[in-house]
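Topology and contacts: notes
Listed below, chain by chain, are the residues.
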Amino acid sequence: MHKSLPDKTKQFFFVLIKLSIVVGAFYFIYHKLLNNDGLNFNDFWQFLNDSNLLSIKNVLILIGLSIFNWFFEITKWRYLVSKIKTLSFSEALAQSLGSLTASLFTPNRIGEYGAKAIYYSKPYRKRILFVNLISNIMQMGITVILGSIGFLFYYNSYNININYINISRTVLIIIILLVLSIFVLKQTKHKTKGLCIKKTRPFIADLGLNYLIIGLSLSLLRYAIFSFQFYFILSLFNVPLHYWDAMTIITTLYFLASIIPTISILDIVIKGSIAIYLFGLAGITELPVLSCVLLMWLLNFALPSIIGSYFVLNFNLPKN
């Protein structure tokens, strides 16, 4: 006969898991700050001191932009999940920042799906996973649309060598993977007799057009804030680019970085490599570009993750 673990043992393992997540997040932030590829921390700190960025006014503006960025992300999550459950702002805050901390070192922050779902009792979790997917698709959609427009302007402004053969191979691989995924989904559907689909269809139909429009609008506001924050940091570093030219490169950067699978903690490395190439064609040196990418990561990922560790440590499983 199977014996379940004692309650005290379960509580011990639960606390151990929460501590492991927080310690892991802090370690990765510390490691990335001191061992950032292509940018020595001492050089980064000296560059900040030499610039006008560390003045109280500019620091408050940058932190304020990060707060607004996450305010709209939390508001979006609160609104999107309202079809399932009404959340207070503090509950949406805990779920958004707590899941960020838990997913910091997972590929493409995929751990966020499980982290947010676990805040809810079992009957709600499948729908929560679906809502989180909708939220990420909305943000990705805005990034791809604006990034594609930015890339067209960037392509017309700078001399880019594009290997169309490699691009064709990549597109072909994506199509093959999509076809295989559809085939697997169909097989899974037949095996499960379509029960999951039948339960999901009424929920999808009930969302409505306004639901999608408001979600996309909040995603657009987030994009506008963090892309402006990127430009603002470049201006503090005295990078000689007009707003339109800078935004052309920034939107292209986020577009290219968003389609490359990566671990969140390595996001700065991917963005840094792409940024060096894109800004390099505009005649901008590496140091201000890498410093800007690192600072954006610290403001919008590392700092919120540190705050989110509080919510991870105070998390309790929901009661059915």
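Residues numbered from 1 in each chain as written. Predicted model: local features only at pLDDT ≥ 70, side-chain atom pairs only at ≥ 80, totals over all residues. Heavy atoms only, no water.

Here's the deal with the overall build of the chain
For clarity, the cut-off: Secondary structure is summarised from DSSP: a helix means a run of H or I of at least four residues, a strand means a run of E of at least two, and numbering begins at the N terminus for each. Whether two residues are in contact is decided by their heavy atoms, any of which lying within 4.5 Å being enough. We get accessible surface area from the Shrake-Rupley algorithm with a probe of 1.4 Å; when it comes to residues, only the shown protein chains can shield them.
Counting secondary structure elements, the chain contains twelve helices and zero strands. Each helix (α) and strand (β) of the chain, taken in turn from the N terminus, gives the series α-α-α-α-α-α-α-α-α-α-α-α. Look at the contacts in the chain between residues 6 or more apart in sequence, and 76% of them connect residues 24 or more apart. Per element, the accessible surface of the chain, about 18,500 Å² overall, is 69% carbon and sulfur.

So, the environment of Leu16
Basically, it comes down to this: The rule is simple: take the accessible area with a 1.4 Å probe, protein chains only, and divide by the maximum for that residue type; under 20% is buried, over 50% is exposed, in between is partly exposed.
With respect to the helices, strands and loops of the structure, Leu16 is situated in helix H1 (residues 7-34). We classify Leu16 as partly exposed; its relative accessible area is 40%. Placed 297 residues apart in sequence, Leu16 and Leu313 show a C-alpha to C-alpha distance of 9.9 Å.

Section: unusual backbone geometry
A positive phi is found at Asn238, a non-glycine position, where the angle reads about 60°. Within the fold, Asn238 resides in the loop between helix H9 (209-236) and helix H10 (243-258).

Looking at the nonpolar core
Heads up, the rule is: Put simply, buried Ala, Val, Leu, Ile, Met, Phe, Trp, Tyr and Cys residues joined by side-chain atoms within 4.5 Å make one nonpolar core.
Within the largest apolar cluster, 69 residues are counted, with the highest numbers of intra-cluster contacts made by Phe230, Ile233, Ile250 and Phe279. Once you skip the residues sitting within four places of it in the chain, Phe230 turns out to touch Ile250, Leu253, Tyr254, Phe279, Cys292, Val293 and Met296.

Considering a nonpolar patch on the surface
Here is the rule: Each patch is built from residues that are more than 30% exposed by relative accessible area and take part in no salt bridge. Like charges join if they lie within 9 Å; nonpolar side chains (Val, Leu, Ile, Met, Phe, Trp, Tyr) join within 5 Å. Salt bridge, as used here, is a side-chain nitrogen of Lys or Arg placed within 4 Å of a carboxyl oxygen of Asp or Glu.
A contiguous nonpolar surface patch, about 430 Å² in accessible area, is contributed by Ile145, Ile149, Phe153 and Trp244. In terms of residue count, helix H6 (residues 122-157) provides more of the nonpolar patch than any other element does, three residues in total.

Brief notes about the confidence of the model for the chain
Heads up, the condition is: For every residue, the pLDDT score states the predictor's confidence, bounded by 0 at the bottom and 100 at the top.
Per-residue confidence for the chain averages 81 on the pLDDT scale, and 77% of its residues sit at or above 70. Within the chain, helix H3 (residues 56-80) carries the highest mean pLDDT (95), whereas helix H8 (residues 195-205) carries the lowest (54). In this model residues 192-197 is a low-confidence stretch, pLDDT under 50, and it forms two contacts with partners more than four residues away in sequence or in other chains.

Details of the environment of Ile276
When you line up the elements, Ile276 lands in helix H11 (residues 267-280). Using a relative accessible area of 26% as the deciding quantity, one classes Ile276 as partly exposed. Between the alpha carbons of Ile276 and Leu253 there is a distance of 9.8 Å; along the sequence they are 23 residues apart. If near-sequence neighbours (up to four positions away) are discounted, Ile276 is found in contact with Glu286, Val289 and Leu290.

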